[in-house]
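# A look at the structure
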Amino acid sequence: DARVTQTPRHKVTEMGQEVTMRCQPILGHNTVFWYRQTMMQGLELLAYFRNRAPLDDSGMPKDRFSAEMPDATLATLKIQPSEPRDSAVYFCASASIYRQGVSNQPQHFGDGTRLSIL
Amino acid sequence: SQQGEEDPQALSIQEGENATMNCSYKTSINNLQWYRQNSGRGLVHLILIRSNEREKHSGRLRVTLDTSKKSSSLLITASRAADTASYFCATLRSGGYNKLIFGAGTRLAVHP
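Reference entry: report on the structure contained in this document. (Residues numbered from 1 in each chain as written. Chains lettered and ligands numbered in written order. Predicted model: local features only at pLDDT ≥ 70, side-chain atom pairs only at ≥ 80, totals over all residues. Heavy atoms only, no water.)

## Some points on the overall build of chain A
Assigned secondary structure in chain A consists of zero helices and eleven strands. Traced from its N-terminal end to its C-terminal end, chain A shows the element sequence β-β-β-β-β-β-β-β-β-β-β. The C-alpha radius of gyration of chain A comes to 14 Å, within 12% of the 13 Å expected for a compact globule of 118 residues. Across its three principal directions, the C-alpha atoms of chain A cover 40 × 30 × 30 Å. Counting the 118 residues in chain A, one finds 48% classified as buried. Of the accessible surface of chain A, which amounts to about 5,900 Å², a share of 49% is contributed by carbon and sulfur atoms. (Helix = DSSP H or I, 4+ residues; strand = E, 2+ residues; numbered from the N terminus. Rg over C-alpha atoms; globule rule 2.2 N^0.38 Å. Buried < 20%, exposed > 50% of the residue type's maximum accessible area, 1.4 Å probe, protein only. Areas by Shrake-Rupley, 256 points an atom, 1.4 Å probe, with all protein chains shown as cover.)

So this is what it looks like as structure tokens:
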């Protein structure tokens with residue numbers, strides 16, 4: 001079965017350090033989403049890309065977070081500098097979406113990166 | 001901000017019983033989707049219902065949608081211990097640029 005792969009699965013680091021999370025979307029999927037899940041806020045959309053171009057990153061704190069897709073097989077989410085409040089599980093999801101504004105295609109999620117900032 | 005709100009927040013039942021979870025939302029939608037999340041794992045898509053559909057089935061799952069009440073329900077029949085998970089509804093808003101808005105989820109525990 002094709003699946004979304006996220007690395008690392010777990011990351012513990014001290015505040016102020018740079019954190020990079022990686023995602024390999026399902027081959028052939030043209031849309032990639034980044035979500036953050038916490039107990040307090042639930043699942044929040046941070047950013048999403050179609051055909052490697054950022055379409056919406058309004059959910060992402062701009063001063064410390066950045067998301068990129070260097071190529072069709074890799075999406076990255078970076079936090080610099082990291083803070084304790086960034087501790088959460090970060091999910092990547094991918095989908096095939098070819099029509100703006102309407103999609104009846106499901107999103108396929110990776111198993112997430114559990115991030116702890118001390 | 002969350003568009004959907006699931007009810008109940010937690011549900012505990014015995015194997016073989018039916019489980020019903022409800023979801024309410026606030027704005028016009030294009031479709032509504034249900035996802036399952038097992039502990040420590042990512043979300044898995046279960047079923048999608050479009051705004052012009054009222055009911056949909058998939059195996060032991062039955063989803064209804066009432067757009068006039070802005071609500072949906074997920075019924076799992078003949079539940080199994082393996083159904084233990086969190087269940088989330090997600091709405092794709094009309095003109096929403098493919099942004100899914102997730103609810104807070106229902107934690108379902110099915111006891112053998």
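## With respect to the pattern of salt bridges
All names here are of chain A. The full count for this structure, using the stated rule, is ten salt bridges over all chains. Two residues, K62 and D57, come together in a salt bridge whose shortest N-O distance is 3.6 Å. Linked by salt bridges that have partners in common, R64, E83, R85 and D86 make up one network. (Salt bridge = Lys/Arg side-chain N within 4 Å of Asp/Glu carboxyl O.)

## Looking at unusual backbone geometry
What is expected of a backbone is that most residues other than glycine have negative phi and most peptide bonds are trans. Each neighbour pair has its own omega, and for Q80 of chain A with P81 of chain A the value is -5 degrees, a cis peptide bond. D7 of chain B connects to P8 of chain B through a cis peptide bond whose omega is 0 degrees. Topologically, P8 of chain B is positioned in the loop between β1 (5-7) and β2 (10-14). Positioned with a positive phi, R52 of chain A is a non-glycine residue whose angle comes to about 75 degrees. Residue placement: R52 of chain A occurs in the loop between β5 (42-50) and β6 (53-56). According to the relative accessible area criterion, R52 of chain A is partly exposed, its value standing at 42%.

## Brief notes about the side chain of S72 of chain B
Residue and element names in this part refer to chain B. On the secondary structure map, S72 appears in strand β8 (residues 71-76). For S72, the side chain forms a polar contact with the side chain of W34, separated by 3.2 Å. One polar contact links the side chain of S72 to the main-chain carbonyl oxygen of T64, over a distance of 2.8 Å. Setting aside residues up to four positions removed in sequence, S72 forms contacts with M21, N22, C23, L32, W34, V63, T64 and L65. (Polar contact = N/O pair within 3.5 Å; in protein donor to acceptor, adjacent residues only side chain to side chain. Contact = heavy atoms within 4.5 Å.)

## Some remarks on the nonpolar core
One finds M21, W34, L77 and Y90 of chain A to be the most contacted residues of the largest nonpolar core, which totals 22 residues. Listed in part, the 21 residues of the second largest apolar core include A19, M21, L46 and L61 of chain B. (Core = buried A, V, L, I, M, F, W, Y, C linked by side-chain atoms within 4.5 Å.)

## A short note on the state of the cysteines
Within this structure, the stated rule accounts for two disulfides over all chains. Each sulfur of the disulfide joining C23 of chain A and C92 of chain A lies 1.9 Å from the other. On the S-S bond that ties C23 of chain A to C92 of chain A, the torsion sits near -60 degrees, and the link is left-handed. Of this pair, C23 of chain A sits in strand β3 (residues 19-24) while C92 of chain A sits in strand β9 (residues 88-95), and the two are 69 residues apart along the sequence. Accessibility classification places C23 of chain A together with C92 of chain A in one group, the buried group. Each sulfur in the disulfide pair C23 of chain B and C89 of chain B lies 2.0 Å from the other. (Disulfide = S-S within 2.5 Å.)

## Some remarks on the sheet that holds strand β8 (residues 74-79) of chain A
Residues and elements named next belong to chain A. Read from one edge of the open sheet, four strands run β1-β3-β8-β7, paired in antiparallel fashion. With one partner strand each, in any of the chains shown, β1 (5-7) and β7 (65-71) form the two edges of the open sheet. Each strand axis lies, on average, 20 degrees off the axis of its neighbour in the sheet, ignoring direction. In terms of strand pairing, β3 meets β8 through five bridges, oriented antiparallel. Note that in β8 the partner of T20 across the bridge is K78. (Pairing = 2+ DSSP bridges. Axes fitted to C-alpha atoms, helices over the stretch in contact; angles between N-to-C directions.)

## Re the side chain of N31 of chain B
Residue and element names in this part refer to chain B. Take N31: it is sitting in strand β4 (residues 29-37). Residue N31 is classed as buried on the basis of its relative accessible area, which comes to 0%. At 3.1 Å, the side chain of N31 and the side chain of Q33 are in polar contact.

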